[in-house]
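Chains, contacts and geometry: an overview
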Amino acid sequence: MSVAAAEPAAAPDAGRRRTPRGSARRRIVAAATDLFARQGYEATSVQEIVAAAEVTKGALYHWFGSKSELITSIYRELLAEQTQRLREIADGPGPIEERLRAAALDVVRHTAAHAAELTVWARSAHLLHGEQAEATRRERRRYHDLFRDLVHEGQQRGVVRTDVSATVITHTFLSALGNTHTWFRPDGPLSFAEVGEQLVALFIGGLRPEPAARPSGDHAEAGPT
């Protein structure tokens, strides 16, 4: 008599929801960002982060070697994304005026989308030292250099004023955006994105060259008598 083959035993975790790979890292980053924003980098302990993220210390140290590496990693990932976006705009098609406006709007919108993480970094960066912090500063300088080169291209093409250096123009705009967290109020009349777009309007408006002065011998034509 034939015997029906037994059905294979179900795997122990069959039907159980699997945790997506990397979700522990995302929870750590989210918990750290929230805690750093609410109580400050120095006042936040690793134990508080792992408790909020519902992971073990081993999980945190699997992804990050220290609390300082955690905060620099958060910022460096955002900076790498921002730099890649800027590079694509700078190397893309279109007149330099359009690319400059697109670059300014892009950094504003990226900053608005990640305001919490970037605010945490702005408030805490001066507390960090060592190779991680220095590498972050080098990467930030590369972003500034790329933006400055775009401004300089505009100067060479005659659409950006040349009486102010490209370096001063770049640092003025990016510093104004980076320091918005010191005075911006979420309950104010404007959203962070709206504030940023107004900064872009000031930036683009301030780039225009001064109109050429008319020769002193020129006179307006007399109107009809």
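Conventions adopted
- Within every chain, residues take consecutive numbers counted from 1 along the sequence as written.
- Since the coordinates come from a predicted model, pLDDT governs what is reported: local features require at least 70, and pairs of side-chain atoms require 80 or more to be given and counted, while whole-chain, interface and lining totals use all residues.
- Remark: hydrogens and water are excluded; side-chain values derive from all non-hydrogen atoms of the structure.
- Secondary structure is summarised from DSSP: a helix means a run of H or I of at least four residues, a strand means a run of E of at least two, and numbering begins at the N terminus for each.
- Whether a residue is buried, partly exposed or exposed follows from its accessible area with a 1.4 Å probe, protein chains only, as a fraction of its type maximum: under 20%, in between, or over 50%, in that order.
- Whether two residues are in contact is decided by their heavy atoms, any of which lying within 4.5 Å being enough.
- Accessibility throughout is a Shrake-Rupley quantity obtained with a 1.4 Å probe, and a residue counts as covered only by protein chains that appear here.
- Whenever a carboxyl oxygen of Asp or Glu lies within 4 Å of a side-chain nitrogen of Lys or Arg, that contact is scored as a salt bridge.
- pLDDT: the predictor's confidence for each residue, scored from 0 to 100.
- In this analysis, the expected span of each helix is defined as 1.5 Å times one less than the number of residues it contains.
- Fitting a line to C-alpha atoms yields each axis, with helices limited to the stretch in contact; the angle taken between N-to-C directions then spans 0 to 180 degrees.
- For classification, angles of less than 35 degrees are called roughly parallel, those exceeding 145 degrees roughly antiparallel, those between 65 and 115 degrees roughly perpendicular, and all remaining angles oblique.
- The crossing is said to be left-handed when, going from far helix to near helix, the turn is anticlockwise and less than a right angle, and right-handed when the turn is clockwise.
- Residues were grouped as follows: Ala, Val, Leu, Ile, Met, Phe, Trp, Tyr, Cys and Pro as nonpolar; Asp, Glu, Lys and Arg as charged; and all remaining residues, including Gly, as polar.
- Pairs of N or O atoms within 3.5 Å make up the polar contacts considered here, provided that, within protein, one atom can donate a hydrogen while the other can accept it, and that residues adjacent in sequence are counted only when both atoms are side-chain atoms.
- By convention, a stacked pair of Phe, Tyr or Trp rings (six-membered ring in the case of Trp) has centres within 6.5 Å and planes under 30 degrees apart, an edge-to-face pair has planes over 60 apart, and any other such pair is tilted.

Here we take up the overall build of the protein. Assigned secondary structure in the protein consists of nine helices and zero strands. Counting helices and strands in the order they occur from the N terminus, the protein gives α-α-α-α-α-α-α-α-α. Counting over 225 residues, the protein shows a buried share of 36%. For the protein, restricting intrachain contacts to residue pairs at least 6 apart in sequence, the fraction spanning at least 24 positions comes to 66%. Here the protein displays about 14,100 Å² of accessible surface, and carbon together with sulfur accounts for 53% of that area.

Enumeration over the complete set of coordinates arrives at 14 salt bridges. Among the salt bridges present, the one from Glu-153 reaches Arg-99, with a minimum N-O distance of 2.7 Å. With Glu-153 in helix H7 (residues 131-156) and Arg-99 in helix H5 (residues 96-113), this pair connects stretches of sequence that are 54 residues apart. There is no split in this pair, since Glu-153 and Arg-99 are both buried. We note a salt bridge from Glu-134 to Arg-137, for which the minimum N-O separation is 3.3 Å.

Attention now moves to the confidence of the model for the protein. In low-pLDDT regions, the fine details of the predicted coordinates are not to be read closely. Across the protein, pLDDT averages 84, with 84% of residues at or above 70. Considering only residues more than four positions removed or in separate chains, one finds that residues 1-21, a stretch of pLDDT under 50, has four contacts. Every residue in residues 219-225 is under pLDDT 50, and counting partners more than four places away or in other chains gives two contacts.

Turning our attention to H5. With 18 residues, H5 should reach 26 Å at 1.5 Å per residue; the first-to-last C-alpha distance of 25 Å fits that figure. The complete set of buried residues in H5 reads Ile-96, Arg-99, Leu-100, Ala-103, Ala-104, Leu-105, Asp-106, Val-107, Val-108, His-110 and Thr-111. Looking at the packing, one finds that the buried side of H5 touches helix H4 (67-90), helix H6 (115-124), H7, helix H8 (166-178) and helix H9 (192-207).

We now examine the packing of H4 against H5. Across the interface, H4 lies against H5 with an axial gap of 9 Å and an inter-helix angle of 160°. Here H4 lies roughly antiparallel to H5, going by the angle between them. Two packed elements cross with a definite hand, and for H4 against H5 that hand is right-handed. Contact residues: Leu-78, Glu-81, Gln-82, Arg-85, Leu-86, Ile-89 and Ala-90 in H4; Arg-99, Ala-102, Ala-103, Asp-106, Val-107, His-110 and Thr-111 in H5. Here the contact of H4 with H5 is composed, by residue class, of seven nonpolar, three polar and four charged.

A word on the environment of His-126. Inspection of the secondary structure assignment puts His-126 in the loop between H6 and H7. There is a polar contact of 3.4 Å between the side chain of His-126 and the backbone oxygen of Arg-123.

On to the packing of aromatic side chains. Under the criterion given, the structure shown has seven aromatic pairs. Residues Phe-147 and Phe-203 carry aromatic rings whose centres are separated by 6.0 Å and whose planes lie at 55° to one another, so their mutual orientation is tilted. Of this pair, Phe-147 sits in helix H7 while Phe-203 sits in helix H9, placing them 56 residues apart in sequence. Classification of Phe-147 by relative accessible area gives buried; the value is 0%. The exposure class of Phe-203 is buried, given its relative accessible area of 8%. Seen in terms of ring centroids, Phe-184 and Phe-192 are 5.4 Å apart; in terms of plane orientation they differ by 80°. Their pairing is edge-to-face. Residues Phe-184 and Phe-192 agree in their burial class; the two are buried.

Let's shift gears to the environment of Glu-81. Of note, Glu-81 is situated in helix H4. A residue is classified by how much of its surface remains accessible, and Glu-81, at 36% relative accessible area, is partly exposed. With 29 residues separating them in the primary sequence, Glu-81 and His-110 have C-alpha atoms 9.1 Å apart. Among all residues touching Glu-81, those that are not within four sequence positions of it are His-110 and His-114.

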